[in-house]
Amino acid sequence: MIDSKLQSKVTKMIAIAEDAANEHEAAVAIAKAQEILLAHNLTMETFQPDQPDTPTGAIKDPFKIDIDSGFTWRAVLLNTIARGNLCHLVQSRHDKLVYLFGTASNIRDVMAMYDWLAEQAERLAHETAEDRKREYLDAYGEKPRDTRSFKTSFHQGFAGAIRTRLRESRAAFDRAAQSTQALTVIEKDAEGAARAYFPSLGKTRGSRSSNREGYSAGRSAGASTSMARAGVLSGGPRQLRA
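Throughout this description, residue numbers start from 1 for each chain and increase along the sequence as written. For this predicted model, a pLDDT threshold of at least 70 governs which residues receive local features, and a threshold of 80 or more governs which side-chain atom pairs are given and counted, while totals over whole chains, interfaces and linings are taken from all residues. Heavy atoms throughout the structure, all of them, feed into the side-chain values; hydrogens and water do not.

**Student:** Explain the confidence of the model for the chain to me, please; I cannot follow it from the model alone.
**Tutor:** For any part of a model where pLDDT is low, the fine detail of the predicted coordinates should not be relied upon. Here the chain averages 77 in pLDDT, while 67% of its residues score no lower than 70. For the chain, helix 2 (residues 23-39) is the element with the lowest average pLDDT, namely 63, and helix 7 (residues 212-224) is the one with the highest, namely 95. Each residue carries a pLDDT value, the predictor's own confidence for that position, ranging from 0 to 100. The contact criterion used throughout is that any non-hydrogen atoms of two residues lie within 4.5 Å. Taken as a whole, residues 49-58 scores under 50 in pLDDT and shows 12 contacts with residues more than four places along the chain or in a different chain. The secondary structure listing takes helices from DSSP runs of H or I that are at least 4 residues long and strands from runs of E that are at least 2 residues long, numbered from the N terminus.

Given below as structure tokens:
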């Protein structure tokens, strides 16, 4: 049975997030609620019984996502978020689809976080590139000729920063938790489901950044961007915050 004081604290944080005036206030409240849950080895579903999760080991069929093959950074970003949320991602060369394996709640969290972060990456890359164009016009009287590579590298840097934040978040949780066995089981179940679906899994090579300025700007943006849109994470076992 859940302690009434604990339940009160969590529900209060959720209410604050839902009524928050801006994304930052909501993110802080959700992070605090998640911190309490992690400390007591609970999930958000404990407080939302009307949203049952699919049993971890029952996930056999993947969630399929169509990502344009020309946007490698999107697959990298999605893979980074999937790993940070105990899911396993496979990018197929045959049908150009991305297959996501994991529990139902974790997949929901991955897609919510991905949709938000991909949107922010696109917006910030565009805004930064436009500011850079104006600076070049003022300084040199012409636009930069490497805007395309700048934006591509910005996206790569952004995804790299998110990867760093999620790795640090997971490492901090592992250090603080008394046991990470439950997380390991969830991760292995997701990977096992992927290998059962794709018996001959290989490895893909990451793309290299061609524009240092763009990559650096992207990392800076990714390091300070809110990790998720307020009020959309389900808090399944186990949503990591950064």
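Let us keep going from here.
**Student:** What is the right way to read the nonpolar core from this model?
**Tutor:** One broad rule of soluble globular proteins: the nonpolar side chains tend to lie buried together. By nonpolar core we mean a set of buried residues, namely Ala, Val, Leu, Ile, Met, Phe, Trp, Tyr and Cys, connected to one another through side-chain atoms within 4.5 Å. For every residue, the accessible area obtained with a 1.4 Å probe (protein chains only) is divided by the maximum for its type, and the residue is called buried under 20%, exposed over 50%, and partly exposed between those limits. With 31 residues, the main nonpolar core has L77, L78, L100, Y114, L117 and F158 as its most contacted residues. Residue assignment for this core shows that the elements contributing at least two residues are helix 3 (72-84), strand 3 (97-101), helix 4 (104-140) and helix 5 (147-176). For this core, the leading source of residues is helix 4, giving 12 residues. One finds V90, F101, A193 and A194 within the second-largest nonpolar core, a separate group that totals 7 residues.

**Student:** Looking at this structure, how should I read helix 4?
**Tutor:** It helps to recall that an α-helix has 3.6 residues per turn; residues three or four apart then point in one direction. Compared with an ideal rise of 1.5 Å per residue, which puts 37 residues at 54 Å, helix 4 spans 53 Å between its outermost C-alpha atoms and is within 8% of the ideal. After helix 4 finishes, the residue G141 shows a positive phi value of roughly 80°. Here the expected length of a helix is defined as 1.5 Å per residue gap, with one fewer gap than residues.

**Student:** Which parts of the structure should I look at to understand unusual backbone geometry?
**Tutor:** The phi torsion of most residues other than glycine is negative, and most of the peptide bonds are trans. The phi angle at L86 is positive, at roughly 65°, despite the residue not being glycine. By the secondary structure assignment, L86 is in the loop between helix 3 and strand 2 (88-91).

**Student:** Quick question: what am I supposed to make of the packing of aromatic side chains here?
**Tutor:** To describe a pair of aromatic rings, you give the distance between the ring centres and the angle between the ring planes. In this scheme Phe, Tyr and Trp rings, the latter by its six-membered ring, pair at centre separations within 6.5 Å, and the angle between planes marks the pair as stacked below 30 degrees, edge-to-face above 60, and tilted otherwise. Within this structure, the stated rule accounts for 7 aromatic pairs. With a centroid separation of 5.8 Å and 45° between ring planes, the pair formed by Y99 and Y197 is classed as tilted. With Y99 in strand 3 and Y197 in helix 6 (residues 181-197), this pair connects stretches of sequence that are 98 residues apart. Relative to F198, the ring of Y99 has its centre 4.9 Å away and its plane inclined at 80°; by these criteria the two rings are edge-to-face.

**Student:** It is not clear to me how the sheet that holds strand 3 should be interpreted in this structure. Could you clarify?
**Tutor:** Adjacent strands of a sheet pair through backbone hydrogen bonds, lying either parallel or antiparallel. Pairing is antiparallel in the open sheet, where 3 strands are placed in the order 1-3-2. A single partner strand is all that each edge strand has here, and the edge strands are strand 1 (63-66) and strand 2. Strand after strand, the sheet turns through a mean of 25° between neighbouring axes, direction not considered. By definition, two strands form a pair when at least two bridges between them are found by DSSP. With 4 bridges joining them, strand 2 and strand 3 adopt antiparallel strand pairing. To obtain each axis, a line is fitted to C-alpha atoms, and for helices this fit is confined to the stretch in contact; angles are then taken between N-to-C directions over 0 to 180 degrees.

**Student:** Whenever I open this one, the packing of helix 3 against helix 4 confuses me. Can you help?
**Tutor:** Pairs of packed helices are described in terms of their axes, by the angle between the two and the distance that separates them. Two elements in contact, helix 3 and helix 4, have axes whose closest approach is 10 Å; the angle formed by their N-to-C orientations is 140°. On the basis of the axis angle, helix 3 is oblique to helix 4. For the pair helix 3 and helix 4, the crossing hand works out as right-handed. Facing helix 3, whose interface residues are W73, R74, L77, L78, I81 and A82, helix 4 presents V110, M111, M113, Y114, L117, A118, A121 and E122. When residues are sorted by character, Ala, Val, Leu, Ile, Met, Phe, Trp, Tyr, Cys and Pro go into the nonpolar class, Asp, Glu, Lys and Arg into the charged class, and all the rest, Gly among them, into the polar class. Counted by class, the contact of helix 3 with helix 4 contains 12 nonpolar, no polar and 2 charged residues. Put simply, angles under 35 degrees are roughly parallel, angles over 145 are roughly antiparallel, angles from 65 to 115 are roughly perpendicular, and the rest are oblique. Here a crossing is taken to be left-handed if its near helix is turned anticlockwise relative to the far helix by less than a right angle, and right-handed if that turn runs clockwise.

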